[in-house]
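# Chains, contacts and geometry: an overview
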Amino acid sequence: MKLHAPMKPSLLALAVLSAVSTSVLAQDNQQQSSEEQKAEEERMEQIQVTGRSVSYANNTTAEEMKMQQTPMTSALSVIDNLPGVLVNEGDPFGSDEWSTSISMRGFQIDLSHQQIGMTIDGIANGNSNYGGGTKANRFIDSENLATVQVSQGTSDVASRSHEALGGTINFETINPSFEQQTVVSTTLGENSAQKFFVRHETGEIAKDTYAWVSFSSQENTDWMDEVATNTRDHFAGKIVSRIADIDLEGYFTYDDAREYTYQRVYGVNQYESNKQWDGLIPNWTGVPYQDQAYRKGWVTHRENMFGYLKGTTNIGNLQLKGNAYYHHNEGRGDWIPYYVVDVTDDGAGNPHSELDTSTTVNGGSPLGQIYFVDREGRSLQPEAGCESSITFPYGGAGAAFDPDCYGPGAVPVSSHRHTNYNKDRYGINGDFIWDTTVSGMDNTLRGGFWYEDYQREEYRSWHKLTDSATSDRWENNPYWIQFDREFPVDTLMYYLENEIDTGFAKLRLGLKQFNVDVAKDDQFDSSNDLDVNSDSDVLVSAGFVAPIPAVRGLEVFGGYAENFAAIKDGVLERDDTDLSQVEAETAENIDLGLRYSSPGLNASLTYYDISFDNRITFISNEDVDGIDFLEAAAGGYVNDGGVESDGIEASLDYQLTENWGVYVSYTKNDSTYIDKAFAGNTVIASADDMASVSFDYSKEGYFAGFSTKYVGERYLDQANTAKTDSYTVSDLYLGTTAYDIGGGIESVEFRFTINNVFDESYLGTIAPGAAWIGAPRVAALNAKFTF
């Protein structure tokens, strides 16, 4: 079994290619015009990571943070060096949402948590969970990402999300250029990675109207066995225009991705036994119990289509904003259970009708499981006294799963299980901003609303494998549809905020409220229908920003906000959940800090204190060995106490010289449970300490950067009995740009990137009792041409 592809030869080849490209362009770079040199200097003089002058902690990514990642890497990765933020991805290029997580101040986005808000150009992205949700990387290509604004705690009162317990992340797309041009980019990397990207800027296509359109296609194999090929095709377009006194902006994107997921490792001992293997196998064995771990059987298909239209106008000192958006999502998650589910009573000794590929059973409860049958489709029993020799996976299996425990002619049978998702979201937003004066002081009153209607459909189909002994090919017609249900959700959020500038400080007070109705419509059994009101109380936010006269550029800020996360439709999936025992999650966030800004220097220091209540958790009443393909373990969702967090976040961005810049961030976080069972224990996956440092260089068309991030120990379980080691990961990039080289080419850029330079082995995303192995070292070379 090939556990880890050799890295050094491909690294060397890419490095040589990069060096050759650099030397070829060296003379052209020396001829860079004075205007281009000036533009480059102005770019380097910009403050790298700016924090807006508001009453809560916030940070914005810079171009250098994008340069630390390859163009193939997901848009999520660029925020990892910001204070308070931890991004983990099991795939070097972000091609696996199953192993992806984001953590801030003890709050999580992962398989089972949606506690951090996420928006695209200020518009709600929909739920960010794995099953039927969508993260920002599905809406934006890395080359079309302008910046990311991270509000770590109290956040903006107008933020459109009912997941934002612990802050909001807003991903901004680039605006069209005033000039017509075309950008063509090609990326090649390890793990058979390749990406082709093209974006055409139209210039002015009508009076005061500009647009761009882009297309990309990429693929890469898994890094462990290099047998499963991830693919992604992405189309996007944006247009801005001014008609009369109205500024218009429109955006559309379509994303089609196929991702082969990595398996989590169950505990530190399994990880220590082989730090480069997740327990999935590259080849089909013909033994169903072992083939449940077949790597190509762990796959997700997702299509997302998203678009919006915005309008802004001013009437005197009143600004009005509005937009409408639509999002369609469909997809499927696959697994290969090592059995066929017995769902029809065919009578003792008769062939199983589930093996007849022409019939489908809708709903109902499983009667048992079918492992081996004779040629007529009748169940077989293992030979008496036979001891199984199967030791993999999940500690092995008994005689019923071992083909050696059956006589000649026994036929293994198994399934291809599909969880199918469809979702449509429609939404509108409206805002006003009214600038006036009160007693001679500048005053701003703003308010607005967000309305969204979405319906998610989820059904699970079980398909018989055509021949379990030879391949994972499956029959198109399912023998069983386990469930089929729809989840309609209506959201209405409205807010009002007033900010007054007293001269010595800006003071703000805001109010907002959510009205959220969540329901489940069971398409097979209406007795399972559920409906829950998830409205919030009136949520208060307040804050101040005050300059310190003694030090120009220095200000003190403070903020308080009551945050809210509605009950998710996923809570209604379980028929045994007692909704009378579940309330929406809430959090009280306090930020207090200092912020300094001047040419060449930007710094911030924030203390935060958070009380998170009514944490929703799934409680299982029984254990199931291996994967619970049928979700048969009894249990339900309950409010299980909460979390208290406090800590400090610090960042420093300093332009050392005309050519050198340094960025440093540090986070000290203490997140503990306050529920009865685990009171005082550290929250799963939260690190007490994180630190990052980046050095960036640019001169005369050459650029380079090196960044390092340290992440402290993290616990794998609520009882705090097992924890991961701390780890340090470094990234390197270097490149060169040449201008006006002839042939209609405005510029050519070559960039060589190595992520995880020292090939650090570590555990990344954490789930209760388990974790995913972090992405290894990977190198990529990008060539970008602008015409």
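Now for a quick tour of the structure. (Residues numbered from 1 in each chain as written. Predicted model: local features only at pLDDT ≥ 70, side-chain atom pairs only at ≥ 80, totals over all residues. Heavy atoms only, no water.)

With that settled, the discussion passes to a nonpolar patch on the surface. A surface patch of nonpolar side chains, about 490 Å² in accessible area, is lined by Leu592, Leu594, Leu605, Tyr607, Ile648 and Tyr666. Of all the secondary-structure elements, those providing two or more residues to the nonpolar patch are β28 (585-598) and β29 (601-613). Secondary-structure assignment places isoleucine 648 in strand β32 (residues 642-655). (Patch = residues over 30% accessible without salt bridge, like charges linked within 9 Å, V, L, I, M, F, W, Y side chains within 5 Å. Areas by Shrake-Rupley, 256 points an atom, 1.4 Å probe, with all protein chains shown as cover. Salt bridge = Lys/Arg side-chain N within 4 Å of Asp/Glu carboxyl O. Helix = DSSP H or I, 4+ residues; strand = E, 2+ residues; numbered from the N terminus.)

A few words now on the packing of aromatic side chains. Inspection of the entire model under this criterion finds 34 aromatic pairs. Pairing tryptophan 284 with tyrosine 294 gives two aromatic rings, centres 5.2 Å apart and planes at 85°, and the pair type is edge-to-face. Linking tryptophan 284 in the loop between α4 (268-273) and α5 (288-291) with tyrosine 294 in the loop between α5 and β14 (299-315), this pair joins segments that are 10 residues apart in sequence. Tyrosine 294 carries the same exposure label as tryptophan 284, and that label is buried. Ring plane angle 40° and centroid distance 6.4 Å describe the contact between phenylalanine 703 and tyrosine 733, whose orientation is recorded as tilted. With a gap of 30 residues between them, phenylalanine 703 in strand β35 (residues 702-711) and tyrosine 733 in strand β38 (residues 727-742) connect regions that are remote in the sequence. Judged by its relative accessible area of 8%, phenylalanine 703 is buried. Cluster of aromatic residues (ring-pair linked, three or more members): Trp98, Tyr289, Trp298, Trp335, Tyr338, Tyr339, Tyr371, Phe401, Trp462, Trp480, Phe629 and Trp772. Taking NZ or CZ as reference, arginine 105 lies 4.1 Å from the ring centre of tyrosine 608, over its face. One residue, arginine 485, lies across the ring of phenylalanine 483, its end atom 3.6 Å from the ring centre. (Phe/Tyr/Trp six-rings, centres within 6.5 Å; stacked < 30°, edge-to-face > 60°. Buried < 20%, exposed > 50% of the residue type's maximum accessible area, 1.4 Å probe, protein only. Lys NZ or Arg CZ within 6 Å of the ring centre and 35° of its normal.)

Strand order in this open sheet of 5 strands is β1-β7-β8-β5-β6, and the pairing throughout is mixed. With partners counted over all chains shown, the strands left at the sheet margins are β1 (58-60) and β6 (123-124), one partner each. Note: strand β5 (residues 117-120) against β6, 2 bridges, orientation antiparallel. For threonine 119, the partnering residue across the bridge sits in β6 and is alanine 124. (Pairing = 2+ DSSP bridges.)

Considering soluble globular proteins, one finds that nonpolar side chains tend to be buried as a cluster. Among the nonpolar cores identified, the biggest contains 108 residues, and Ile79, Ile169 and Phe171 are the most heavily contacted of them. Ranked by residue count, the leading element in this core is strand β23 (residues 480-501), at 5 residues. Apart from the residues within four sequence positions on either side, isoleucine 169 is in contact with Ile79, Ile102, Met104, Ile116, Gly117, Met118, Thr119, Val148, Gln149 and Val150. Formed by 7 residues, the second largest nonpolar core is a distinct cluster that contains Leu86, Met690, Tyr727 and Val729. (Core = buried A, V, L, I, M, F, W, Y, C linked by side-chain atoms within 4.5 Å. Contact = heavy atoms within 4.5 Å.)

What follows concerns the pairing of strand β33 (residues 660-673). Sheet topology note: the β32/β33 ladder contains 13 bridges and is antiparallel. From the neighbouring strand, glycine 647 faces β33, where its bridge partner is asparagine 669.

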